[in-house]
Amino acid sequence: MKPRSSVHPWLMLGPSLAAWTLFVFVPLGLAAYESLFAWDMLTEPVYVGGANYAAIAENGELARILGRTLGYSVLVVSGSMTLGLGLAVLLDRPGGFFAFVRGAIFSAYVVSWVAVALLWVLLLDPDRGVAAVVLRALHLPRIGFLTDPHAALVTLAGVTIWKITGYAMVVFLAGLRAVPRSLHEAASLDGAGALARFRWITWPLLKPTAAFVGTTSLIVSFQAFDVVRIMTGGGPARATTLFVYAIYEQVFMNLSVGRASALAVVYFLVLCVLAAAQLRAWRSQTVGRRA
Amino acid sequence: VSARLSRRAFVAGASLASLGATGGCKRALRDDHGRVRLRLWFSLGGRNREVLLEIVRRFHATQDDIHVEPVYQGDYFESLAKLRTAIAARAAPALSHVIAEVVPYLARASTLEPLDGYPGMRGLPFVPALGQAGAFRGGAERPLYGVPLNRSTPLMYCNGEIFDRAGVRPPTTWSELVDTAKHLTRPGERWGHEVPISWWFWVAMVGQAGGAVFDEQGRATLGDEAGVKALRLWQDLVHRDKVMRPPPGRDYDAWNVVNQDFLGGRAAFIWTSTAYIRYLEDNARFPVVAAPLPRDVRHSVPTGGTFFVVVKQAPDAEKAAAARFLRFFCEAEQAAFLSTRTGYLPITTPAVDTMRAAGFFAKHPNDEVAQRQLASVEPWPWEPNLFRVERDIVDPRLEEAVLLDRDARAVLSEARALAARPG
């Protein structure tokens, strides 16, 4: 389609481009600039070049934050997708009971992060929480879900999965209902069992839905802040200091705008790489299908 | 300078835009009754908050020129983050309060109003260890920036019932602390000792082991050998002796856990702040016995709590109103009221005298212990870097070192190297 005037595409793009410039490109440019200074908002900024980047990379701190965030993302994305898909397949049935269960599972998604985090803090209290009572009743050892550096990140991932699985389930349900029933009937006539039908009919047709769920879960997991702030404050022993929390901590707790900006720039680059990888995977899949 | 201006302009612009979006416009200096509106940002919760608000109410009852508008801003660190941002955006309240360690930093940034020039502010009779003059090395030679609000020191609290039953006395030395904790620990049921893994208590131990976190030249030495010794004591109590629980949570979450474990009989003796004397006494179902922190080579405690500060950029009328409120706050009656109701230390000598004359210390021996321990106060260095070293460098490493049993010497040398660099 050829525009009647060369200005028209720019006019169409204008509003969103302006919003992007104001809320994304300018702040990002400012962050990149700030990252070259040691600055606390109150005293004179001092130009330090790449020292802020060196400081966050030193002693493997950046690598640890990145590793933790990626680990958390892997757990959240794989957990929410697997559970969401499983629940969608199990609950894709008519009737009031199934509708109630679907609604109950989805309800966690609409509750605020703060409420969810506070609820789980109470449930997981190592002395008085429900989890502790259950462990004691089963004569199992005490687990510091939020206090053991080896368990805290997994616990946070579990809470996040609990919260967003309802969303994944609903999207998968929509995907399942778009799969033509005739394909299943034809496969059944050919003698295909439930597992074979899922493997060869449902799953290939659900792949775009899965890609969508995967992308949105990845975004949620990379943006994790509320759950960290309320449940662990980044601890114990920094075991749950994820990227966004680390940025917050640097600027608001440690008064270091430069270092927070350097982290924000690295965070942006990491997201660019992940987005590119996802786009590449998506394109190769599309090309494969066309062939 | 231009870079700084552009950044400040950006922050100010963003703040103005958000104020505009919420229907804000230039704030009126006076209210409908012609009184100066004095904004006060505070971070006290529970009973401390009630006491502060009662003092504000009393102030209103004494005069008609000033109306104090107190606004709660979260815990000390959240409140500081907001104050700093508000100062950068030129939207800060005239009066706020901040933890002691941050006063030198804010003063160096020229954000605080020197208060000596305001009527009656020079020569306020502060308890030496708790006012700026005694709470900081060289604090007397500097303009008066901070007026003590709620001041405290660490204190040891023992469960009187457990101690009586076991026939032991509160430990007075580190080795007694270890022995007592071992003696009183019941695995799976009760910890001997508990203390928040936090800078404040570690600084106390560094002092007790004969060190200081900054030397006279202003270098962050982190106590050198004394720092290592203090950290190792914690590591041994947690990992080798298994008689101390490192409480979960950061900052005041961990403090709360320590208090709850003590009140629930899950910890035989704890270290926490004098600020909790009333709270622990009122809520314990056993006698609470306070004792000075034990010594290694000497007794030593840092001071804690907060100082009122007046923001330099506030309108003159508000700053004058703030000074007037502070004078009222420092009167013996108010200072004694805050101390008797909370457990924070009385900040002026007339307040101490008033309390003593009323027989308060005779009736409350735990408060008397806190008073006596003031003789062991180690002043903070007047170092703008102090707060950064505490929050950014040492505090997170202490928790890591204790929980993961890291090499104490290596952890502190790394921290020292980081402290030597610009922030």
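Our subject is the structure listed above.
Residues numbered from 1 in each chain as written. Chains lettered and ligands numbered in written order. Predicted model: local features only at pLDDT ≥ 70, side-chain atom pairs only at ≥ 80, totals over all residues. Heavy atoms only, no water.

**Student:** Would you mind going over the overall build of chain A with me for this structure?
**Tutor:** The secondary structure content of chain A amounts to twelve helices and two strands. Counting from the amino terminus, chain A carries its helices and strands in the arrangement α-β-β-α-α-α-α-α-α-α-α-α-α-α. Its C-alpha atoms give chain A principal-axis dimensions of about 75 × 75 × 30 Å. Put simply, chain A has 291 residues, and 41% of those count as buried. With an accessible surface of roughly 15600 Å², chain A has 72% of that area assigned to carbon and sulfur atoms. (Helix = DSSP H or I, 4+ residues; strand = E, 2+ residues; numbered from the N terminus. Buried < 20%, exposed > 50% of the residue type's maximum accessible area, 1.4 Å probe, protein only. Areas by Shrake-Rupley, 256 points an atom, 1.4 Å probe, with all protein chains shown as cover.)

**Student:** For this particular structure, what's the right way to read the packing of helix H3 (residues 61-91) of chain A against helix H9 (residues 194-222) of chain A?
**Tutor:** Helices that pack against each other are described as a pair by the angle of their axes relative to one another and the distance between those axes. Residues and elements named next belong to chain A. Contact geometry of H3 with H9 gives a least axis separation of 9 Å together with a crossing angle of 140°. Comparing the axis directions of H3 and H9 gives the class oblique. Crossing geometry of H3 relative to H9 is assigned as right-handed. Seen from H3, the contacting residues are Thr69, Leu70, Tyr72, Ser73, Val76, Val77, Ser80, Met81, Leu85 and Val89; seen from H9, they are Phe198, Trp203, Leu206, Ala210, Val213, Gly214, Ser217, Leu218, Ser221 and Phe222. By residue class, the composition of the contact of H3 with H9 is 14 nonpolar, six polar and no charged. (Axes fitted to C-alpha atoms, helices over the stretch in contact; angles between N-to-C directions. Parallel < 35°, antiparallel > 145°, perpendicular 65-115°, else oblique. Left-handed = near helix turned anticlockwise from the far one by under 90°. Contact = heavy atoms within 4.5 Å. Nonpolar A, V, L, I, M, F, W, Y, C, P; charged D, E, K, R; others polar.)

**Student:** For this particular structure, what's the right way to read the environment of Ala336(B)?
**Tutor:** All names here are of chain B. Its place among the elements puts Ala336 in helix H13 (residues 332-342). Linking Ala336 and Pro365, residues 29 residues apart in sequence, is a C-alpha distance of 16 Å. Contacts of Ala336, omitting those with residues within four sequence positions, involve Ala351 and Met355.

**Student:** Help me out: how do you make sense of the nonpolar core in this one?
**Tutor:** Side chains of a nonpolar character, in soluble globular proteins, are inclined to be buried together. Trp202(B), Trp234(B), Phe308(B) and Phe325(B) are the most contacted members of the largest nonpolar core, which has 205 residues in total. Dropping the residues within four chain positions of it, Trp234(B) is found in contact with Val195(B), Pro196(B), Ile197(B), Ser198(B), Phe201(B), Trp202(B), Met205(B), Met244(B), Leu398(B) and Val402(B). (Core = buried A, V, L, I, M, F, W, Y, C linked by side-chain atoms within 4.5 Å.)

**Student:** Please clarify how the interface of chain B and chain A should be interpreted in this entry.
**Tutor:** One frequently used descriptor of interface size is the decrease in accessible area upon assembly of the parts. Each partner contributes to the interface: chain B provides 39 residues, whereas chain A provides 36 residues. In total, chain B and chain A occlude about 3300 Å² of area from one another, counting both sides; carbon and sulfur atoms represent 55% of this. Across the salt bridge formed by Arg229(A) and Glu78(B), the nearest N and O atoms sit 2.3 Å from each other. At the level of elements, helix H1 (2-21), helix H3 (76-88), helix H4 (103-108), helix H10 (252-263), helix H17 (386-403) and helix H18 (408-419) of chain B are the ones that each hand at least two residues to the side of chain B that touches chain A. Ranked by the residues each element gives to the side of chain B that touches chain A, the list is headed by H17(B), at eight residues. (Buried area = accessible area lost by both parts, 1.4 Å probe. Salt bridge = Lys/Arg side-chain N within 4 Å of Asp/Glu carboxyl O.)

**Student:** Would you mind going over helix H9 (residues 225-240) of chain B with me for this structure?
**Tutor:** Each full turn of the α-helix corresponds to 3.6 residues, which orients residues three or four apart in the same direction. All names here are of chain B. For H9, the set of buried residues is Ala226, Gly227, Val228, Ala230, Leu231, Leu233, Trp234, Gln235, Leu237 and Val238. At its buried positions, H9 is contacted by helix H7 (174-184), strand S6 (191-194), helix H8 (199-208), strand S7 (244-245), H17 and H18. Lys242 lies just past H9 and shows a positive phi near 55°.

**Student:** I tried to follow the pattern of salt bridges on my own but got confused; where do I start?
**Tutor:** If the charged atoms of two oppositely charged side chains come close together, the side chains can form a pair. Residues and elements named next belong to chain B. Across all of its chains, the model carries 31 salt bridges over all chains by this definition. With its nearest N and O atoms 2.4 Å apart, the salt bridge here joins Arg245 to Asp261. Of this pair, Arg245 sits in strand S7 while Asp261 sits in helix H10, placing them 16 residues apart in sequence. The same class applies to Arg245 and to Asp261, which are both buried.

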